[in-house]
Amino acid sequence: MSTNTDGSPPSTSSAAATTTRDWIFPSYSFVHSTHNIRRTPRRRRFSSYHPPPSQQFNSTAAASSTEDASNSFTTISPSYRPQSSEFRNYQKSTRLVAGRPDDPAPAPVRSNDAVSPETRSAYLEKTFSNFFRGGLRIRPRLAFSVSIVTTVLSSLLSKNFTLHKEVTQLQGQISKLNVRLKLCNLLDSTDIYNSTLHDVSLDPSKSLKIAALLVSIMLLVLPLFFLKYVDYISSSRRQIDNNSEEVSLNKQLAYRVDVFLSVTPYAKPLALLVATLLLICLGGLALFGVTDDSLADSLWLSWTYIADSGNHANSEGFGSRLVSVSISFGGMLIFAMMLGLVSDAISEKFDSLRKGRSEVVERDHTLILGWSDKLVSSRIVCPKLKRKPLTFMLLGSLLNQLAIANESLGGGTVVVMAEHDKEEMELDIGKMEFDFRGTSVICRSGSPLILADLKKVSVSKARAIVVLAEDGNADQSDARALRTVLSLTGVKEGLQAHIVVELSDLDNEVLVKLVGGDLVETVVAHDVIGRLMIQCARQPGLAQIWEDILGFENCEFYIKRWPQLDGMQFEDVLISFKEAIPCGVKVASSGGKIILNPDDSYVLQEGDEILVIAEDDDTYSPSDLPMVKDAKFLLVTPLARKPQKILLCGWRRDIDDMIVVLDASLAHGSELWMFNEVPENERERKLTDGGLEIDRLMNIILVHREGNAVIRRHLESLPLESFDSILILADESVEDSAIQADSRSLATLLLIRDIQAKRLPYREAMAYQTHRGSFSQGSWIGEMQQASDKSVIISEILDPRTKNLLSMSKISDYVLSNELVSMALAMVAEDRQINDVLEELFAEEGNELHIRAANLYIEEGEELSFYEILLRARQRREILIGYRLADTEKAVINPPAKDERKVWSLKDVFVVIAEKE
């Protein structure tokens, strides 16, 4: 039932209102439809008015009113437009209900206003009447269009789903039919049935594939969320406590990863393996989700994409291609990292081999620790080549002597480890001009103070270990040698070798022996050279004899046991070896003490060993006693020692030890002149600091002169023609440079000889003598040679090239310090017992080498064998080991054919081992 705007019930004759309502809704077709039923009118969605439940109108009355009105009219003219007052009132009410902008909105009814119930009821009835009259008239075309579009879309979507489902079913049927078609060719019906069921079961469900795809995506994105979470936690901690010094979580994780990669030996290959497996798994899951293949086939296909990035070219479909390209891209990254790891490993291995970091797998080898001028004499910097100093290789006497010693064994192995580059050491050794005679020299770069480096050169399996002194300060060099000995004694596996340590200062010997104990044998280089120089100054020509004995090229010392000699007296043992000369006995009952030049009556006991001078350890053996004629004793009274006058040019750090040896060797009343650049007021302090007590000198008197040994006018202030011996030392200020020290010594030698030649009246006295060599008496070298007959000059030489110059000129005797020390080191390395022999021969007391005149043993023109002269020497408690003929320049040690008789001259000299005078 509708209402008018004034609240009165509508008239049945009011055609305008009825016509207006029927023209808008319902339509003509709807009115005459047989399906028309009564309905409660719906509320328009765009209406702005929503009455409360208490004010709802009677829907039944409204429905009946609508039904009556629709039955009253059968035809409606579209052009009909009522213009009555009722129609105008209806439009106003419609605009009021629809909320049109051209009509003012009715004032809202407030709950607190004084409105009567009748007025409120009339107002509500009027409003809802207008709404059902014209409210649903608004936008009919839009509603119709929306309904049509919704219907079409719904039908299309339904059709799409239906077609998709049919296609899926058809594909499944086709695959099953294909399987059955293939199985029809088989003969066994049971196998056909089973295979059909198996193949049908291989078709994975779509839900499982979707789940696999989602899992792969989730696993791929999960690290990103984890990193974001770590950053969030770190930033949150910083915001909470700005003053906190706690390290952020991301830095801690980065540190842990860094430590893992640094500490774990195989961290990088392990990480690469894990990354490869993860990529295979993720790629396999993704392929399983986007393709129809099984999971196993997808995993294998993922591996093929990783191994060969070109395999993804045959992929079909957008999803499959996207996943395969992603896997191939990851595979390229993995193989790039793998190639980098392999390349780094190969480069590191070659670098390790090139720099000498690999382990030496040797046994019974000789290990040399250090690198000094015994191997390389000096390094001279060329101004034109600023990059690297040029290395002038001289004679590596230590390696040469070891190679000669191993020649009888078919060669040996020498390992050199130093804090030098392996390539440089090999290059330096390769330039040495001598034959290694089958000995292999292996270089390794490392520090002898590090146990890992010592283990790298198989230190526990070495036969002998030689620790070389470093160039430079003596105390620093000996301190490093001491630390090296400490490192060697700390080897866990233990040492089966003895340690030969080269020291620079005699005062440090006690400390090194204290640390090393019985394993250590020391060779004090400066002490050995100083004593050799003193011996050579007193006995010219002794330097060449020492070179023959210390080197392995000629004859050297050997100790060996011969059981067949037990019970024999030493005088018979002397002539029992045709290829060797016995010099002493190693007494077993005395704890292995070596006795040089024992008594003839000493009887060999069980366990005693014989010390001999021989060419090699396998070249001699005892033989039957030869028939030797009894040697008569020549009573010759030795001349009393006369005081001597000796000059020392230069200053050495161990000059105080040399003074002590000279005081024990020279006769009482001898003078020792010291000529150097050290101020005289400082010399006594330095000598006292070195341990010398000047007041206790018994046989010599010190005379000090200050000057430069290479300045002629300084040398001319000295009485050079009055000295019996002159010792030119490698001065302390230049001894670190071999060439500079030798140049200074050579200049001093030439100046002294020239001054002597001009002062001595040698021309008339020496006119009858035959000139030596190819130099005439009128030449300057000839004059110096004649002047050298009046005094002996001993020069300390460091460079072998300087030695060759002096040996050709014959104007001076020499002591090749580096070469002699290297020979001593090599000999002690081969047999540590020889060190006791050398120490006694160099000591102030005991036995030493002497050069004796022939008149002590023979008469002019007498024909004797070497054995007979040896027995005559035994009457003087001496052991004859060689001789030098008058017309030769080189002595013969351990001569062959000792039983052959020959005529001797009084100008010949003999080399013996005897007690110090």
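Predicted, not measured: the structure shown is a model, and the values here were computed from it.

Our focus in this paragraph is the overall build of the protein. The helix and strand tally for the protein stands at 30 helices and 24 strands. Split into buried and exposed, the 917 residues of the protein put 43% on the buried side. Long-range contacts, defined here as pairs at least 24 residues apart, represent 74% of the contacts in the protein between residues at least 6 apart. Surface accessibility of the protein: about 50,300 Å² in total, with carbon and sulfur atoms responsible for 56%.

Turning our eyes to something else, we now look at the packing of helix 16 (residues 474–489) against helix 17 (residues 509–516). Between helix 16 and helix 17, the shortest axis-to-axis distance is 9 Å and the interhelical angle comes to 10°. For the element pair helix 16 / helix 17, the angle class is roughly parallel. Contact residues: helix 16 offers L482, V485, L486 and T489, while helix 17 offers L511, V512, V515 and G516. Residues that form the contact of helix 16 with helix 17 fall into these classes: six nonpolar, two polar and no charged.

Per-residue confidence for the protein averages 75 on the pLDDT scale, and 70% of its residues sit at or above 70. Scored below 50 in pLDDT, residues 131–138 makes 30 contacts in the model with residues more than four places away or belonging to other chains. In this model residues 373–395 is a low-confidence stretch, pLDDT under 50, and it forms 55 contacts with partners more than four residues away in sequence or in other chains.

Let us look at the packing of helix 18 (residues 525–538) against helix 19 (residues 542–550). In contact at an axis separation of 8 Å, helix 18 and helix 19 are set at 130° when each is read in the N-to-C sense. Between helix 18 and helix 19, the interaxial angle falls into the category oblique. On the side of helix 18, the interface is formed by L532, Q535 and C536, while helix 19 contributes L542, A543 and W546. Here the residues of the contact of helix 18 with helix 19 are counted per class, giving five nonpolar, one polar and no charged.

All right, on to the side chain of Q544 then. Here Q544 shows up in helix 19. If near-sequence neighbours (up to four positions away) are discounted, Q544 is found in contact with E889, K890 and A891.

Taking strand neighbours across the sheet as the criterion, the six strands line up as 5-4-1-6-7-8 in an open arrangement whose pairing is parallel. Each having just a single partner strand, strand 5 (440–445) and strand 8 (520–524) make up the two edges of the open sheet. In this sheet, neighbouring strand axes are inclined to one another by 20° on average, regardless of whether the strands run parallel or antiparallel. Across the sheet, helix 16 is in contact with strand 1 (366–369), strand 6 (464–467), strand 7 (498–503) and strand 8; its angle to strand 7 comes to roughly 170°.

About the thresholds
- Residues numbered from 1 in each chain as written.
- Predicted model: local features only at pLDDT ≥ 70, side-chain atom pairs only at ≥ 80, totals over all residues.
- Heavy atoms only, no water.
- Helix = DSSP H or I, 4+ residues; strand = E, 2+ residues; numbered from the N terminus.
- Buried < 20%, exposed > 50% of the residue type's maximum accessible area, 1.4 Å probe, protein only.
- Contact = heavy atoms within 4.5 Å.
- Areas by Shrake-Rupley, 256 points an atom, 1.4 Å probe, with all protein chains shown as cover.
- Axes fitted to C-alpha atoms, helices over the stretch in contact; angles between N-to-C directions.
- Parallel < 35°, antiparallel > 145°, perpendicular 65-115°, else oblique.
- Nonpolar A, V, L, I, M, F, W, Y, C, P; charged D, E, K, R; others polar.
- pLDDT = per-residue confidence, 0-100.
- Pairing = 2+ DSSP bridges.

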